[in-house]
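Summary of the model geometry
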Amino acid sequence: MGPTITRRDLLRLAGGSALGVIFSPLPWKLLDDSAIWTQNWSLNPPLSHAPISLAYSTCTLCPGGCGITARCTGGVPFSLTGTKSHPVGRGVLCAAGLAGHQMAMHPLRIVQACASSGRSVGAVISPLEREKAIAAIGAILNGLSARDAPHSVALIDRRPGRALSAVYRNFLSTVPGGLYIVSPSAEDATLTTLQQMAATPAWIGGFDFEQTRTLLSFGAPVLEGWGSPGQVMDIWSKRARTGFRLIQADSRPSRTARLAQTWLQLRPGTETILALGLGHVIIRENLHAHDIKRTTRDFAEYARLVARFDPPTVSALCGVSKESIEETARTIARRPSLVVAGTDPAGGPLPNEARTAIAALNVLLGTMGTRAGIVARNPLPGEPVMPPATTIDQVPDQSIRILIIDGAESGYDIPVSLLRKKVHPQGAIVSLSPLLTPMTAWADYIIPAPAHLELLEEISTAPGAVTCSYALARPLHPVREGSTDPLDFLRLLSAVTAGAATTIPTRDAMLRARADAIHASGRGKVFMPQDGAWIEVKGLATTEQFWQKLSEGGCWIDDGPAQSRSVSFSLLPGGNDEATRCLALLSGSETPEGSSVTVMPYGVRGATASAQVSPILSKIFQESNLKDLDGTALLHPGTATSYGLADGDSATMHNGAGTMRVVVRCDGAVLPGVVHVAAGPRRNNSDAPGCVGGEGILSLCEPGSDGTWRLTTATIGKAHGSEI
Amino acid sequence: MDPKSEKTARYGMVIDLDRCTGCGACMVACAVEHNVPPAESSATPRTGITWLRVYGMDNGPEDSGRDTAYIPMLCQQCGHDTPCIAVCPQNAVDVDPTTGIVGQVPQRCLGCRYCMTACPYHARSFNWWDPHWPAGMEKTLNPDVSPRMRGVVEKCNFCHARLHQAKAKAALEGKRDIKPADYVPACVESCPARAMVFGDLNDASSDVALAAAAAASFQFLPRLGTEPKVYYRSDRDWIRRKADHTVHSSLTEAEHR
């Protein structure tokens, strides 16, 4: 009789099988497969299968001019790195530069001419044919009389010194009432001031950083993208060996201030007082240059002025200890040293008195025209000699009929309120920016220029450099349809402008003229990125050969600094008026009344309210706390508590200019009563990619008559509900 | 080729914290290299994807004694008792015995995030969203690195794709060993302050091995015994003390009681 199978046997078999399956690979396989199946792989973008190649160009996101090596697939760049051994970039790029190849595909890219329905946050920007937009600009231009607005066309050049800048100036010189305005630049603040202080201007070139040992910076973001980032980082990384010392005089706990060997945390707006206090110690202890009376015209007057700025008085006003002031003066007197004035990318320049007082320290220490100091630089061959450009603060209010804002990225903000003040109420603002930024959104007309790395451009001498350089930014992307080369825009505008009569060159001709002039000078040599070789310009027989080398990514460098001539300086170029203004500072500044706080905007070069950065920079601005998103308000914990605020709270800031919402971040390194508000990139907004927002903290800043907007006052309190 | 005859490397890194300025170039270079998508609108430092993240750190005082350092934190490529490997139920984390690189296989990842919990360095990120690039920007993706999807964990792998390229180049040249200069991770290549040194720690004469052996170099959380292959260096004592910091050591005696 065979075995009988009972129900119990079946149940045993089922139970045993179930148990066996658990210990078999099957559940893990199912788990694994379900993990794969549930992943929505169809959303993965396909990757290129085209061959990989290298291309060489130059970054134009800031005036630094770093060399780029691009890895491309099918001709499209997918990765940028600094060109090895590049004489300007030193083989590195900054965070923004590393993502520069994505700017052409930026979600806020403007791809055709537009007109705005009005200058307000809610204004509607609608597409318009380019020719119609330019005809409308012409109608405004020809409709207003010179009595209403003396300057028919004004143009703000966001990056002066280009061949395009010379074309801009030529065009404006032929237009009745044409005005050329330059954007503020950090590196040039000290050099421009020194030129104004010099009896015979035009020789002042750049900072000999490589040789200097002490750098005293008044708020310059030295370690945050200043000058040519590669050069500054190179000097910084070698400081243990070279003994380079950075002293940062800054109210804000910036990265530079935190990392500097010495941080003089002074009260907001007291830079002039501190600089004059340092001058006092230098003169009192006879630490100044031995030939100071020969190199200055008003040393006695300056000495009389700084005599009033003794360390105890300065300490009481600045909040920097008397000992620190004296020690700093002695340190910078141990040459070689340099003193530079800062321009915050969002907070703008220092007042004139401060810039002069800071620049005067260089003269006092005898750094002018000496090795490791401020040295002369030969002019770039082919650069036309032009009269000094106008700055925006020198322009009378409501005097401009058409204000054109160049599309280049300067890295520095200008508040829209300052621009609007200068334009006649019936006038118009025209933006050439390729990207929708808060500043562009306020323009009446937008004629978008090609984006970064789309157009053959040039990049000449880096700000503050001791020798001239010149390179071409070879395009890595095709020009997007709907973009207008600024040269074409000028051509079209001159056709509708009464009285304008100038020939606008083609881009190729414009750049070749500059290259021909460099070749004709026979000066310098060309660095070739492919193999790191150097070629003497004299060894290139024809201009075509020189042009070819530049087109291949070559970078021309001049032979070296020029011979400095002995120049006499005025330490108080404003004379008695300036001395009087400085003495008035001794009475102290007014502290904000009642519940108000002192507000200071700050930003990162190229990532300010008026700029756009690649969305991938959200890694450092949004997905980490490394850099601050727009509207981050840094407060001392004590200040926050006194206003009922805590770390992470939403708060509202308000003053006569407007209201804005900020996110509080408590930081014990911030001075009590002061709020530093970030003007920077906004949160990535993939849900509303066209949403640009306002200009943030700059909308609360009311520019003064001297064109500065670093300090303002506002009330702060906890935000409630949907309060803006 | 017999795997046993292959020369074993132990890739590692030394980061000089006295050079790092916290510029974030390494973070951007890393994200671009590995096709990490830009942040979603609601992403935060907790939910974002950063294979390498730079943290700011102060020594505490708010007076003139205040000092700051920036710490680039990436997968430490633990060489012993690698916590993420031990907890992964999917075998989605493995260590390459020929390089010492701890790899992550996103295709195998279940998204349980045990590895994120186990990682003492918080060096892993989870994909909370489908990857999304602005229109046209997908053309700028690195063709050597697959994008990952929602629901998986990812982390630094010392730019493994670059290692493969270096190996392929060596093979084309008829060589078995790669040239050190041919294999440099994106963060090291991009660092403007030259604060990072990379190479084979087994090669005693290499820059990285010498730097790792220097007196000023240290590892983070060495007491855990994970033997990270990422070293840091600083001449500042307070940074080294914080590197060995644990919750336990931060408690005062009174709090202990």
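In short, a report on the structure. Since we're looking at a predicted model, the values are computed, not measured.

Rules behind the numbers
Residues numbered from 1 in each chain as written. Chains lettered and ligands numbered in written order. Predicted model: local features only at pLDDT ≥ 70, side-chain atom pairs only at ≥ 80, totals over all residues. Helix = DSSP H or I, 4+ residues; strand = E, 2+ residues; numbered from the N terminus. Rg over C-alpha atoms; globule rule 2.2 N^0.38 Å. Buried ≥ 20, exposed ≤ 12 C-beta atoms within 10 Å, placed from the backbone. Contact = placed C-beta atoms within 7 Å. Axes fitted to C-alpha atoms, helices over the stretch in contact; angles between N-to-C directions. Parallel < 35°, antiparallel > 145°, perpendicular 65-115°, else oblique. Left-handed = near helix turned anticlockwise from the far one by under 90°. Nonpolar A, V, L, I, M, F, W, Y, C, P; charged D, E, K, R; others polar. Pairing = 2+ DSSP bridges. Expected span 1.5 Å × (residues − 1). Arc of directions from axis to C-beta. Core = buried A, V, L, I, M, F, W, Y, C linked by C-beta atoms within 7 Å.

Glancing now at the overall build of chain B. Within chain B one finds 9 helices and 10 strands. Against the globule reference of 18 Å for 257 residues, chain B gives a C-alpha radius of gyration of 19 Å, in line with a compact fold. By residue count, 46% of the 257 residues in chain B fall in the buried class. The long-range fraction of contacts in chain B, counting pairs at least 24 apart against all pairs at least 6 apart in sequence, stands at 64%.

What follows concerns the overall build of chain A. The number of helices and strands found in chain A is 23 helices and 28 strands. Over its C-alpha atoms chain A spans a radius of gyration of 29 Å, differing by no more than 12% from the 27 Å that the globule rule assigns to 724 residues. The buried share of chain A, taken over its 724 residues, is 54%. Intrachain contacts of chain A at a sequence separation of at least 6 include 75% that bridge at least 24 residues.

All names here are of chain A. It is the contact of helix H13 (residues 311–318) with helix H14 (residues 322–333), at a shortest axis distance of 8 Å, that shows an interaxial angle of 115°. Here H13 lies roughly perpendicular to H14, going by the angle between them. The handedness of the crossing between H13 and H14 is right-handed. Residues Pro311, Pro312, Val314 and Ser315 of H13 pack against Lys322, Ile325 and Glu326 of H14. Of the residues assigned to the contact of H13 with H14, the class counts are 4 nonpolar, 1 polar and 2 charged.

Moving on: the environment of Asn35 of chain B. All names here are of chain B. Here Asn35 shows up in the loop between helix H1 (25–33) and strand S2 (52–58). The class for Asn35 is buried, based on 22 C-beta atoms found within 10 Å. Distance in space between the C-alpha atoms of Asn35 and Asp144 is 9.5 Å, their sequence separation being 109 residues. Non-local contacts of Asn35, meaning those with residues more than four positions away in its chain, are made with Leu141, Asn142, Val145 and Pro147.

Residues and elements named next belong to chain A. Their axes nearest at 9 Å, the elements helix H10 (residues 271–284) and helix H12 (residues 299–306) cross at an angle of 110°. Relative to H12, the element H10 lies roughly perpendicular. Considering only the axes of H10 and H12, their crossing is left-handed. Taking contact as the criterion, the partners of Leu276, Gly279, His280 and Ile283 in H10 are, on H12, Ala303, Leu305 and Val306. Along the lines of polarity and charge, the residues of the contact of H10 with H12 split into 5 nonpolar, 2 polar and no charged.

Moving on, we come to the interface of chain B and chain A. It is common to give the size of an interface as the accessible area that goes away when the parts come together. Contacts between chain B and chain A engage 56 residues on the former and 60 residues on the latter. Residue contributions to the side of chain B that touches chain A peak at 7 residues, all from H1 of chain B. Considered class by class, the residues forming the side of chain B that touches chain A number 26 nonpolar, 17 polar and 13 charged.

All names here are of chain B. If you trace the 4 strands from one edge of the open sheet to the other, you get S8-S1-S10-S9, paired in mixed fashion. Of all strands in the sheet, those with a lone pairing partner are strand S8 (196–200) and strand S9 (217–218), marking the two edges. Pairing between S9 and strand S10 (residues 230–233): 2 bridges, direction antiparallel. Each bridged residue has a counterpart across the sheet, and for Phe218 the counterpart in S10 is Tyr232.

Here we take up the sheet that holds strand S4 (residues 114–116) of chain A. Sheet strands line up and pair through hydrogen bonds in the backbone, either parallel or antiparallel. Residues and elements named next belong to chain A. A sheet is described by the order of its strands in space; here 8 strands give the open sequence S5-S4-S17-S16-S15-S6-S7-S14, paired in mixed fashion. With one partner strand each, in any of the chains shown, strand S5 (125–127) and strand S14 (390–391) form the two edges of the open sheet. Bridge count for strand S16 (residues 423–431) against strand S17 (residues 445–446) is 2 bridges, and the pairing is parallel. Along S17, the bridge assignment pairs Ser431 with Ile446. The strands touched by helix H4 (residues 130–143) within the sheet are S4, strand S6 (151–157), strand S15 (400–405), S16 and S17, with S15 carrying the most contacts at an inclination of about 145°.

So, about H4 of chain A. Along an α-helix, residues three or four apart share an orientation, since each turn contains 3.6 residues. Residue and element names in this part refer to chain A. Taking 1.5 Å per residue, 14 residues should reach 20 Å; H4 reaches 20 Å between its end C-alpha atoms and fits that length. Every buried residue of H4 is accounted for by Arg130, Ala133, Ile134, Ile137 and Leu141. Relative to the axis of H4, the buried residues are bounded by an arc of 95° and lie together on one face. Among the exposed residues of H4, those pointing more than 90 degrees away from its buried face are Glu131, Lys132, Ala139 and Gly143.

Among the secondary structure elements, Pro38 of chain B is positioned in the loop between H1 and S2. Taking the C-alpha atoms as reference points, Pro38 of chain B and Ile49 of chain B, separated by 11 residues in sequence, lie 8.7 Å from one another. Apart from residues lying up to four places away in sequence, Pro38 of chain B is in contact with Pro615, Ile616, Ser618 and Asn684 of chain A together with Trp133 of chain B.

Ranked by internal contacts, the top residues of the largest apolar core, which has 239 residues, are Leu403, Val430 and Leu617 of chain A together with Ala25 and Val28 of chain B. Considering each element in turn, this core owes the most residues, 9 residues, to helix H15 (residues 352–365) of chain A. Aside from chain neighbours lying at most four places away, what touches Leu403 of chain A is Ala154, Leu419, Lys422, Val423, Gly427, Ile429 and Val430 of chain A.

Right, let's talk about H10 of chain A for a bit. All names here are of chain A. The first and last C-alpha atoms of H10 sit 20 Å apart over 14 residues, in line with the 20 Å expected at 1.5 Å per residue. For H10, the tally of buried residues reaches 12 of 14 residues, placing the bulk of the element in the interior. If you check which residues of H10 are buried, you get Glu271, Thr272, Ile273, Leu274, Ala275, Leu276, Gly277, Leu278, Gly279, His280, Val281 and Ile282.

In this section: the pairing of strand S26 (residues 658–666) of chain A. All names here are of chain A. Bridge count between strand S24 (residues 632–635) and S26: 4 bridges; the pairing is parallel. Considered in S26, the bridge of Thr632 is made with Val663. Bridge count between strand S25 (residues 650–655) and S26: 6 bridges; the pairing is antiparallel. Within S26, the residue paired with Met653 across the bridge is Met660. Where S25 folds back on S26, the antiparallel hairpin that results is connected by 2 residues.

Further remarks concern unusual backbone geometry. Residue and element names in this part refer to chain A. Here Arg335 and Pro336 are connected by a cis peptide whose omega angle stands at 5°. Tracing the backbone shows Pro336 in the loop between H14 and strand S12 (337–341). In this structure, Ala372 is a non-glycine residue whose phi angle is positive, near 70°. One can find Ala372 in the loop between H15 and strand S13 (374–376). A residue is classified by how many C-beta atoms lie within 10 Å of it, and Ala372, with 18 of them, is partly exposed.

This part covers the pairing of S24 of chain A. Residues and elements named next belong to chain A. Burial along S24 is two-sided: the face carrying Thr632 and Leu634 and the face carrying Ala633 and Leu635 are both buried. By the bridge criterion, 2 bridges tie S24 to strand S27 (residues 674–678) in an arrangement that is antiparallel. Its bridge partner being in S27, Ala633 is matched across the sheet by Val677.

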